[in-house]
Amino acid sequence: MLSPGHDPVLNSTMAMAAIGAMAGPIGLGVGAIVGYFHGLHKKKKLEEQVESEVNRQAQIDQELERQIEAMRNGAQNGMAGSTGLILVKEHLASEPQTGSPARPAGPAPAGEGLIILTDNLGPPAPSTGPLAGKTHGPSAALAKAAEVHKNGGSKGTKANRALEEQIVTARERQRKLLESLQGPAASPKETHAASHPVKPTPPATDPDGFRLVYAGGKLVRKERDVDQDGKPDIIRYYDEHGRLIRQEEDSRLDGRPDTWTFFTGGRAVRKESDTNGNGKVDLWAFYDGPDNLVRTEADTDHNAHRDRVILYEKGEMVEEQRYSPGLDPPRMIAIFANGRQRRKEEDTDGDGRMDRVTEYDGSGHITKVSRNPVGAGTFALVAIYQPKTGEVLQEEEDVNGDGRIDVISHYTKGRLVRREFFDLPEVASLTPQLSLPQASAKQETP
């Protein structure tokens, strides 16, 4: 049986196709067809040669077995008490021509092969292939048994040494013949490996360059040395089921971890960071879904109190809260839309109540400021601004604190031009004098 690597049909087809390709696509096809049929013819010839060789050896085997049986019956000092009977005979010499005299009996000339028959101590005969049932190798007692049989137990003669050399040569040639016709026999180690497959060794690194660390056959962590200083800068930890649970990162590459990410079900749920390198966490980020940031908390003045909270929707900031030490309630709340601030509420005196509200247009310019200077339930003073210039256009006052506007003042280029009174004498404003800062035309950033 020919191995796929020596298939004459495939080899011939590819060779002729390559030759025909020089004439173009049509030549490629014609060459492949011609090569295919030529390969079939060549393969058939090789199979006929193999079959002829096997038949010839079978005939020789039958003849030698007949001779062995005759020698057993007539031998007086034979091998009846031994563990095996060995006879060697030339079988690799060239075929005699028709009509040529038969080869005279005697030892095989040097360089010609021998076939080994009836060796019951040799390796087992192959069960498949063209040499099925044929002994293909001598036993360990081959040389000694051959000496006993051919020389009656004498040792050290030149004839015996020549016979041993021929036997060794025959063994090697016969092994090569078997490999060419049937393929090399599997070694005991290969047979054992095939029946008991060994688990492949896990890779040392993954495609991202992380070194894999195992314990008890399970992945426990991955490490990556970003700056190649011999120390891991990113470490990922895994649970007993191989799921990522935590990642530590040295983002500043100073030898100390400063960012910790925690995972649940394989996705990030919280990240903690040390932004100033003092060894304490001062920024927390919370996630809801893959990479979906919903809230951050920060200690901006590094006094161990979280004083800034930002809320997100679909990755965009929608609200910012500022706190004084002790947290609740917030001292400032800013509302954002489309990435711009639209409203800001402030507790300017720290009494826990918002007493100033600033409103912005879509471009971030101030349009209105409302104040409650006396802590009443409603805003006592409201100022309307020109967004682009920041000039005061109008002021509204609740003088008596009943929740209704009592005085409206109108301005032009920052100067009072008219004042309206409602249910009050036309006198100056009775509300406390408040200084309203001139609004800037530039966008206010948090």
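Residues numbered from 1 in each chain as written. Predicted model: local features only at pLDDT ≥ 70, side-chain atom pairs only at ≥ 80, totals over all residues. Heavy atoms only, no water.

1. A few points about the overall build of the protein
Line of reasoning, step 1. Summing up its helical and strand segments, the protein has five helices and 20 strands in all.
Line of reasoning, step 2. The long-range share in the protein, meaning contacts at least 24 apart out of those at least 6 apart in sequence, stands at 24%.
Line of reasoning, step 3. Accessible surface, the protein as shown: approximately 28100 Å² in total, 54% of it carbon and sulfur. (Helix = DSSP H or I, 4+ residues; strand = E, 2+ residues; numbered from the N terminus. Contact = heavy atoms within 4.5 Å. Areas by Shrake-Rupley, 256 points an atom, 1.4 Å probe, with all protein chains shown as cover.)

2. Considerations on the nonpolar core
Side chains of nonpolar character tend, in soluble globular proteins, to be buried together.
Line of reasoning, step 1. Among the nonpolar cores identified, the biggest contains seven residues, and these are Tyr 360, Ile 366, Val 369, Ala 383, Tyr 385, Val 392 and Tyr 411.
Line of reasoning, step 2. Of all the elements in the fold, those that place two or more residues in this core are β16 (366–371) and β17 (381–385).
Line of reasoning, step 3. Judged by nonpolar contacts, the second largest core, of five residues, contains Ala 285, Leu 293, Ile 310 and Tyr 312. (Core = buried A, V, L, I, M, F, W, Y, C linked by side-chain atoms within 4.5 Å. Buried < 20%, exposed > 50% of the residue type's maximum accessible area, 1.4 Å probe, protein only.)

3. A word on the confidence of the model for the protein
Line of reasoning, step 1. Across the protein, pLDDT averages 75, with 64% of residues at or above 70.
Line of reasoning, step 2. Contacts for the low-pLDDT stretch residues 1–5, under 50 throughout, to residues beyond four places or in other chains number five contacts.
Line of reasoning, step 3. In the model, residues 134–143 has pLDDT below 50 throughout and makes 33 contacts with residues more than four positions away in sequence or in other chains. (pLDDT = per-residue confidence, 0-100.)

4. Regarding the side chain of Thr 261
Line of reasoning, step 1. Mapped onto the fold, Thr 261 is located in strand β7 (residues 259–264).
Line of reasoning, step 2. What makes Thr 261 buried here is its relative accessible area of 7%.
Line of reasoning, step 3. Leave out the neighbours within four places in its chain, and Thr 261 touches Ile 245, Arg 246, Gln 247, Ala 268, Arg 270 and Lys 271.

5. Regarding the packing of aromatic side chains
Line of reasoning, step 1. Summed over all chains, the structure comprises one aromatic pair.
Line of reasoning, step 2. Looking at Arg 306, its charged tip hangs above the ring of Trp 284, at a distance of 3.8 Å from the centre. (Phe/Tyr/Trp six-rings, centres within 6.5 Å; stacked < 30°, edge-to-face > 60°. Lys NZ or Arg CZ within 6 Å of the ring centre and 35° of its normal.)

6. So, a nonpolar patch on the surface
Line of reasoning, step 1. Together, Ile 33, Tyr 36, Phe 37 and Leu 40 line one region of the surface with nonpolar side chains, adding up to about 410 Å² of accessible area.
Line of reasoning, step 2. Mapping Ile 33 onto the fold places it in helix α2 (residues 25–74).
Line of reasoning, step 3. Taking the relative accessible area as the measure of exposure, Ile 33 reaches 52% and is therefore exposed. (Patch = residues over 30% accessible without salt bridge, like charges linked within 9 Å, V, L, I, M, F, W, Y side chains within 5 Å. Salt bridge = Lys/Arg side-chain N within 4 Å of Asp/Glu carboxyl O.)

7. Describing the pairing of strand β8 (residues 267–273)
Remark: a regular strand shows side chains that alternate across the two faces of the sheet.
Line of reasoning, step 1. Relative to β8, β7 is paired through six bridges, and the arrangement is antiparallel. Considered in β8, the bridge of Thr 264 is made with Arg 267.
Line of reasoning, step 2. Here β7 hands over to β8 after two residues, with Gly 265 in that stretch at a positive phi of 65°.
Line of reasoning, step 3. Pairing of β8 with strand β9 (residues 283–287), which is carried by four bridges, proceeds in the antiparallel orientation. Across the sheet, Glu 272 pairs through a bridge with Trp 284, a residue of β9. (Pairing = 2+ DSSP bridges.)

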